[in-house]
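If you want the building blocks of each chain, they are given just below.
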Amino acid sequence: MLEATGISKVFGRLRAVDDVSAEVRQGEILGLIGPNGAGKSTFFNCLTGDLAPTTGSVRFLGEDITTRSPEARAELGLARTFQLPQTFTGMTVLENVMIGAFLRTSVTAEARERARRILDIVDMAHLAQTPAKTLGTPGRKRLEIARALATEPKLLLLDEAMAGLNPTEVRAAIDLVRVIHGMGITLVIVEHIMEVINSLADRVIVFHQGREIARGTPREVTGDPTVIEAYLGKRASRAGGRT
Amino acid sequence: MSATLVQVIVGGLLLGAIYALFSSGLTLIWGMMNVVNFAHGDFVMVAMYIAYVVYVLLGGGPLASVPIAAVSLATIGILAYFLLVRHVMRGPMIAQILGTFGLALLLRYSMFGAAGANFLSLPDNLVGGTYEIFGIRLQASRVVAGIVALLVTAGLHLLLTRTSLGSKMLAVSEDATAAQLMGIRPDYMQAIAWGIAAGATGIAGALIATFFYISPTVGETLAIIAFVTVALGGFGSVPGALVAGLLIGLIESLSAYWIGGVWKDVVVYILFIFVLWFRPQGLMGKS
Amino acid sequence: MKKLLWPGITAVLLLAYPLVFTTPFQQRLGALVLLYAIAASAWNIVGGYAGQISVGHVVFFGCGAYASLALFTHTGLPPVLGMPLGIAAAVGIAAIIGTPTLRLSGHYFSMATIAVAELARLVTTNTEFLGAAVGLSGPTVPRTWLDLSFISSVPYYYLFLAVLVITLGITWWMERSRIGFYLRAIRDSEKAARSLGARAPRVKLIAYLLSAGLTSVAGSLYALMFQFVDPESGLGILISVKMLIMAALGGAGLLFGPLVGAAILVPLEEISNSLLGGRGAGLTFVLYGAIIVLIARFRPDGILGLFQSARKAPEKHDA
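Going by the annotation in an unreviewed UniProt entry, the name recorded for chain C is Amino acid/amide ABC transporter membrane protein 2 (HAAT family), with Enterovirga rhinocerotis given as the source organism. Recorded in UniProt under Subcellular location (unreviewed entry), the annotation for chain C is "Cell membrane".

Naming follows an unreviewed UniProt entry, where chain B appears as Amino acid/amide ABC transporter membrane protein 1 (HAAT family) of Enterovirga rhinocerotis. Its UniProt record gives chain B a comment under Sequence similarities (unreviewed entry), which states: "Belongs to the binding-protein-dependent transport system permease family. LivHM subfamily." Under the heading Subcellular location (unreviewed entry), UniProt records this for chain B: "Cell membrane".

Attention now moves to the overall build of chain B. Broken down by element type, chain B carries 11 helices and 2 strands. Taken from the N to the C terminus, the helices and strands of chain B come in the order α-α-α-α-β-β-α-α-α-α-α-α-α. Here the C-alpha atoms of chain B give a radius of gyration of 19 Å, agreeing with the 19 Å that 2.2 N^0.38 yields for 287 residues. Taking the principal axes of its C-alpha atoms as reference, chain B extends roughly 60 × 45 × 35 Å. Within the span of chain B, comprising 287 residues, buried residues form 53% of the whole. Contacts spanning at least 24 positions in sequence make up 78% of the contacts within chain B whose residues lie at least 6 apart.

Quite often, the size of an interface is put as the accessible area lost when its parts meet. Counting residues at the interface gives 34 residues for chain B, matched by 37 residues for chain C. For the side of chain B that touches chain C, the elements supplying multiple residues, two or more each, are α3 (62-88), α4 (93-115), α9 (218-233) and α11 (264-278) of chain B. Here the side of chain B that touches chain C takes 15 residues from α4 of chain B, the largest share from any one element. Residues of the side of chain B that touches chain C, tallied by class, amount to 26 nonpolar, 6 polar and 2 charged.

Counting 289 residues, the largest nonpolar core has Ile-18 of chain B together with Leu-35, Ile-38, Phe-160 and Ile-292 of chain C as the members making the most contacts within it. With 17 residues, the top contributor of residues to this core is helix α9 (residues 200-226) of chain C. If sequence neighbours within four positions are ignored, Ile-38 of chain C has contacts with Phe-160, Val-163, Leu-164, Thr-167, Ala-218 and Leu-221 of chain C.

Moving on to the sheet that holds strand β1 (residues 2-11) of chain A. Residue and element names in this part refer to chain A. The strand order β2-β1-β4-β5 describes an open sheet built from 4 strands, whose pairing is antiparallel. Of all the strands in the sheet, the pair left with one neighbour each is β2 (14-24) and β5 (63-64). Of the strand pairs in this sheet, β1 and β2 are connected by 7 bridges, and their pairing is antiparallel. Across the sheet, the residue bridging to Lys-9 is Val-17, located in β2. Most of the contacts of helix α1 (residues 40-48) go to β1, to which it runs at about 120°, and overall it touches β1, β2 and β4 (55-60).

Within this structure's numbering, the places UniProt gives as "transmembrane region" (unreviewed entry) are residues 6-31, 38-58, 64-85, 97-120, 140-160, 191-215, 221-250 and 257-278 of chain B. Along residues 97-120 of chain B one finds 79% helix and 0% strand; the C-alpha atoms at either end are 30 Å apart.

Taken from the UniProt record, the annotation "transmembrane region" (unreviewed entry) applies to residues 28-46, 58-77, 83-102, 156-174, 205-224, 244-268 and 280-298 of chain C. Span residues 156-174 of chain C is 100% helix and 0% strand, its end C-alpha atoms 27 Å apart.

All right, on to the interface of chain C and chain A then. Listed per partner, the contact involves 22 residues of chain C and 29 residues of chain A. Taken together, the elements giving at least two residues each to the side of chain C that touches chain A come down to α7 (178-188), α8 (190-195) and α15 (315-318) of chain C. Tallying contributions element by element places α7 of chain C first for the side of chain C that touches chain A, with 6 residues. Considered class by class, the residues forming the side of chain C that touches chain A number 8 nonpolar, 4 polar and 10 charged.

About the criteria used
- Residues numbered from 1 in each chain as written.
- Chains lettered and ligands numbered in written order.
- Predicted model: local features only at pLDDT ≥ 70, side-chain atom pairs only at ≥ 80, totals over all residues.
- UniProt positions renumbered as here; feature names shortened; annotations may be inferred.
- Helix = DSSP H or I, 4+ residues; strand = E, 2+ residues; numbered from the N terminus.
- Rg over C-alpha atoms; globule rule 2.2 N^0.38 Å.
- Buried ≥ 20, exposed ≤ 12 C-beta atoms within 10 Å, placed from the backbone.
- Contact = placed C-beta atoms within 7 Å.
- Nonpolar A, V, L, I, M, F, W, Y, C, P; charged D, E, K, R; others polar.
- Core = buried A, V, L, I, M, F, W, Y, C linked by C-beta atoms within 7 Å.
- Pairing = 2+ DSSP bridges.
- Axes fitted to C-alpha atoms, helices over the stretch in contact; angles between N-to-C directions.

Take a look at the structure:
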């Protein structure tokens, strides 16, 4: 349902993403993994329209959306969350979700009704009237997902939705992703917690230094020597740099 | 080409060099921390009054007033950073813009109260007189001001691109958190940037005062010229400010010559709107 | 019911004011508070709700004032009929400024607004048709009731009150509809709002056009009451300053913020002017500058924002 072909993104002299292609199939969960700075987030932002790729094209449901704005992509059924939650801090939790719901209705009462249903699904109904700025990281991450769901997406892109959560919260988030998947929504998840990828993803693409170095099922890629080297090598050099 | 036209062009470029200098301060701050200093024009205004006071009290010309204005303005810049800008830059957009805009009013109308609304000017012959070279009449004050402004702008560019202080400032502008991990204090670097930017503005103000009228509201006009220069040059770019400054000086000068003095600012403002419509990233910026 | 308590009390106080305070000075003061409250409420739509800080809003005020008096000067028609012309001019100018800049970062918008206001002042000062530096006057003697020329300030007071109610009504309606939600979302995080489908540039532009049109109405009302406009009173930067400081002091992005700000600042300025004369004007603006800096530094959400966060605080425990 989403095809990205030959995506490259260059910042000045840095090639953040170098000729990566990917296809997302209807109904699957695709994982994008790799060490920090591997280019997965840049690639992700080219899919969502927050960045324009230097070369390459993105097609969604058969339409070329390479140069479409983020709002036009949302309209087509492509939703996303942000790595650092972009909470609307001046609003309540319910109002945050209403912003998403307004994409499919212009009537306030209707948007409020839809937002309430979404809050039920993500188990945040009891927080509806809470000012969003009082939420902690786990709450804000969950709210991001709720807002995106309210736009009634066909494809949902989650950018490190589990980062900064403790193990209990990670398990709850994994359950939520399963619920969303069960609603018939296709997912792309960027993660660097392997446990999350292993338990959720059908297929994985591994990034290293802006390139794709492996793809396959989670089991296949975690056994891949190039992948192991990329992860350990990165960690070793980072540890060296800190001294 | 007639001698008068050549004179107009040279005069425009000399004025443009000064525009480039005081716009460099604005573009530096904007590029580095994404803050637009709406009090920028009023910084120039304060420097102009400093030049006037130096003349009245000490009888000194730009040789004395330029360093004094540079140091005073650098101090004002650093104070403004620590007392105001540092606090508002993390807040909502409204706080950021209101903060420096309020500072502009405060400076402008305090000066109004202290010095009155009268237009002041320094004596014409403070810096040499008027000379004729190849049939072009040039005022020494403008020539000196233009050349000094060019040199200081070039120096500012070298400081930012060729020194370790410059690269530290660049690091902070790109990623303050990462810079902090590398042992650079973002706060400190940003304060220095404010000092440098305001200091350069001070130099520009003291120079421009040698041939421009001085009044509490002169900063408003100058601020808009600086905005146009920065928008045209591409934000954050000192070379961009230089090219744009020269261009605007030239356009002002030519339009004053061809269609009359009162319309020269009108032409510049219309140019600004054209830039926003058709080339918002500026002449030197990337699309 | 409780929700209507404060608006209800405010309405009663506003209706009764000219009956309680009967000197010409007090009644004029009341009318001025309402006039500036209209202008500041109009500013609030784009500055407060959309978070796009216009520092040149006087250009729209000038559109209204000049359209009314230029129409009278050149055709002899009653100034009030110039109001639609002013609105059209204001909306046109807003589209020229807003279309390119509202796609860029907010700084470009602010810079463009200040430049266009200055441009308008310069052009007007040099245009005979608009009275140049001397200005334009209205009918000295009222010819028909349509000239809306009164000696007492009371008729103006109620006229302005009616327009303020309409302005706040539009704002209130906008606040509760989709566009109002989108505006608040864009102010908090434009990136997130767009990812959820809000067409940010268009939504901001609509707010700006609406705000420009309403500000122009305030300008026309000013022309009706004072029957005179010149580049300083109709297009001076200080009027822009007043609009934004009143909204920011009372509470930008809050329905009644600008009214509260106007009710504090207009009397302050009028009293300081009558006590200090011409020299007071400069002093007033030093004070304005200081107030703006202090609001920005310590309370960006203004006086009403203070009450609102105090009122909302207990809800945290309910959650």
